[in-house]
Amino acid sequence: MSIHNSDIKRVTTHVLQEMKLRNEKISMLTGYDFSMAKIIDSAGIDIILVGDSASNVMAGHETTLPITLDQMIYHASSVIRAVERALVVVDLPFGAYQGNSKEALTSAIRIMKESGAHAVKLEGGSEILESINRILSAGIPVMGHLGLTPQSIYKFGTYVVRAKEEEEAEKLIADAKLLEEAGCFALVLEKIPAKLATRVAKEIKIPVIGIGAGNGVDGQVLVVHDMLGITHEFSPRFLRRYHNLYEEMKGAFENYIRDVKSQDFPNEKEQY
Ligand code: KIV
């Protein structure tokens, strides 16, 4: 039996809105390359996020800040070539939209045109509203992202839970409403108290996807390398690991090295 809704042949922003209305939870994972995206899509995921977390898990940077627009487009086009069912959302990278709505639109258009993606995601609320409005006016669907926004890590100073204090929580609620009114089709809430996330999901009509935001929201997202246990040293409380691929892959590589050294590989059947 299929675990996803096989009546949905292609996930669109409209489909996601209907899922929220009928209380069907939305599944989202990150994806950065063709082969992984093919597996994720065939499993029936609703949304693949080409996240700027590629900067960490694909390129080995400490933060998401160094990844460039060209690199995001490269990852996004690889994912798009693999996907048949999921909605593909691409992060606008740091420096491609903050403080300049014209540049924001140019960046979003480049992503849509050069990768074939279906939507973009931007981090922030009122501070980037002008950029969001400009992108939306070009007919490009926008997903918002509030709470812990990793592109602002040097402002926050740490990756701890956000919006625990009332003032920050009130600003987050106001920003969520602002993004909804502007016309964003969905919102990611990262690492905030579950109670606050539940309240936001109840008070706005667009789907709210959580990461470290509890189960009172409309869907969940995880970084694929984290949930597969490839990034075995990263263990935040919100992360559920579905595999320990770090150990499994390491074991496979060790076996291969052993076979090569001992000349067990290739054997007679594995040669011409
Ligand atoms: O870049 C990313 O992977 C993200 C998710 C954590 C939501 O923005």
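Residues numbered from 1 in each chain as written. Predicted model: local features only at pLDDT ≥ 70, side-chain atom pairs only at ≥ 80, totals over all residues. Heavy atoms only, no water.

**Q** Can you walk me through the overall build of the chain in this structure?
**A** Secondary structure summary: the chain contains eleven helices and eight strands in total. Radius of gyration (C-alpha) of the chain: 20 Å, near the 19 Å computed for a compact globule of 272 residues. Residues classed as buried in the chain amount to 49% of the 272 residues present. Contacts spanning at least 24 positions in sequence make up 58% of the contacts within the chain whose residues lie at least 6 apart. Of the roughly 14300 Å² that the chain leaves accessible, carbon and sulfur atoms contribute 54%. (Helix = DSSP H or I, 4+ residues; strand = E, 2+ residues; numbered from the N terminus. Rg over C-alpha atoms; globule rule 2.2 N^0.38 Å. Buried < 20%, exposed > 50% of the residue type's maximum accessible area, 1.4 Å probe, protein only. Contact = heavy atoms within 4.5 Å. Areas by Shrake-Rupley, 256 points an atom, 1.4 Å probe, with all protein chains shown as cover.)

**Q** Can you walk me through the site of the ligand in this structure?
**A** Neighbouring residues of the ligand: Thr 30, Leu 49, Gly 51, Asp 52, Ser 53, Asp 91, Lys 121, His 145, Glu 190, Ile 211 and Val 223. Between the ligand and the protein, one listed contact pairs an oxygen atom with a side-chain N or O atom of Ser 53 at 2.5 Å. At 2.9 Å, a side-chain N or O of Lys 121 approaches an oxygen atom of the ligand. The fraction of the free accessible surface of the ligand (260 Å²) that becomes covered by protein chains is 95%. (Near = heavy atom within 4 Å. Polar contact = N/O pair within 3.5 Å; in protein donor to acceptor, adjacent residues only side chain to side chain.)

**Q** Would you mind showing me how to read the packing of aromatic side chains here?
**A** Here a ring pair, both rings aromatic, is described through the centre-centre distance and the interplanar angle of the planes. Evaluation of the coordinates by the stated rule reveals one aromatic pair. Against the face of Phe 156 rests Arg 162, its NZ or CZ located 3.9 Å from the ring centre. (Phe/Tyr/Trp six-rings, centres within 6.5 Å; stacked < 30°, edge-to-face > 60°. Lys NZ or Arg CZ within 6 Å of the ring centre and 35° of its normal.)

**Q** Is there a simple way to think about the layout of surface pockets in this case?
**A** Over the atoms rolls a probe the size of a water molecule, and in doing so it shows where empty space is left. As a volume, the largest pocket reaches approximately 1000 Å³. Residue lining of the largest pocket: 40 residues in total, with Met 28, Gln 220, Val 221, Leu 222 and Tyr 242 positioned closest to the centre. Elements supplying a minimum of two residues to the lining of the largest pocket: β1 (26-30), α2 (34-43), β7 (208-211), β8 (219-222) and α10 (224-227). Among the residues forming the lining of the largest pocket, the class breakdown is 24 nonpolar, ten polar and six charged. Its boundaries defined by the atoms lining it, the second largest pocket holds a volume of some 600 Å³. The wall of the second largest pocket is formed by 28 residues, among which Ser 53, Asn 56, Glu 190, Val 223 and Phe 234 lie closest to the centre. (1 Å grid on protein atoms, 1.4 Å probe; cavity = no way out; pocket = protein on both sides within 12 Å on 5 of 7 lines; lining within 4 Å. Points joined across faces, edges and corners; volume = space filled by probe spheres on them. Nonpolar A, V, L, I, M, F, W, Y, C, P; charged D, E, K, R; others polar.)

**Q** Looking at this structure, I do not really get the pairing of strand β2 (residues 47-50). What am I missing?
**A** Burial of β2 is two-sided: the residues Ile 47 and Leu 49 facing one way and the residues Ile 48 and Val 50 facing the other way are all buried. Here β1 pairs with β2 via three bridges, running parallel. In the sheet register, Met 28 faces β2, and the bridge partner there is Ile 47. Of the crossover connections in this fold, the one passing from β1 over α2 to the parallel β2 is right-handed. In terms of strand pairing, β2 meets strand β3 (residues 87-91) through four bridges, oriented parallel. Across the sheet, the residue bridging to Val 50 is Val 90, located in β3. (Pairing = 2+ DSSP bridges. Right-handed = clockwise from strand over helix to strand, strands pointing away.)

**Q** Before we go on, may I ask you to explain the nonpolar core in this structure?
**A** Nonpolar side chains in soluble globular proteins generally cluster together in the buried interior. In this structure, Val 120, Leu 122, Ile 135, Leu 187, Leu 189 and Val 200 are the most contacted members of the largest nonpolar core, which totals 62 residues. A total of six residues in this core trace back to one element, the largest contributor, which is helix α4 (residues 69-80). For Leu 122, the contacting residues outside a window of four places in its chain are Leu 92, Tyr 97, Ile 128, Ser 131, Ile 132, Ile 135, Val 142, Met 143, Gly 144 and His 145. Listed in part, the 19 residues of the second largest apolar core include Val 15, Leu 16, Met 143 and Phe 185. (Core = buried A, V, L, I, M, F, W, Y, C linked by side-chain atoms within 4.5 Å.)

**Q** Got a minute to help me understand the environment of Gln 151 in this structure?
**A** Relative to the assigned elements, Gln 151 resides in the loop between β5 (142-147) and α7 (153-156). Accessibility expressed as a relative area gives 5% for Gln 151, which makes it buried. When the C-alpha atoms of Gln 151 and Val 223 are compared, they prove to be 16 Å apart, with 72 residues separating the residues in sequence. Sequence-distant contacts of Gln 151, that is, excluding residues within four places in its chain, are made with Asp 52, Thr 64, Leu 65, Leu 92, Pro 93, Phe 94, Tyr 97, Gln 98 and Glu 123.

**Q** What is the right way to read unusual backbone geometry from this model?
**A** Note on backbone geometry: most residues besides glycine have negative phi, and most peptide bonds are trans. Pro 266 follows Phe 265 through a cis peptide bond whose omega is -5°. Mapped onto the elements of the fold, Pro 266 is located in the segment after α11 (245-261). A positive phi angle, near 60°, is found at Asn 23, a position not held by glycine. Summarising the element assignment, Asn 23 is placed in the loop between α1 (13-21) and β1. One non-glycine residue, Ala 163, lies in the positive phi region at around 55°.

Fair warning: the whole summary comes from geometry, so function is off the table for now.
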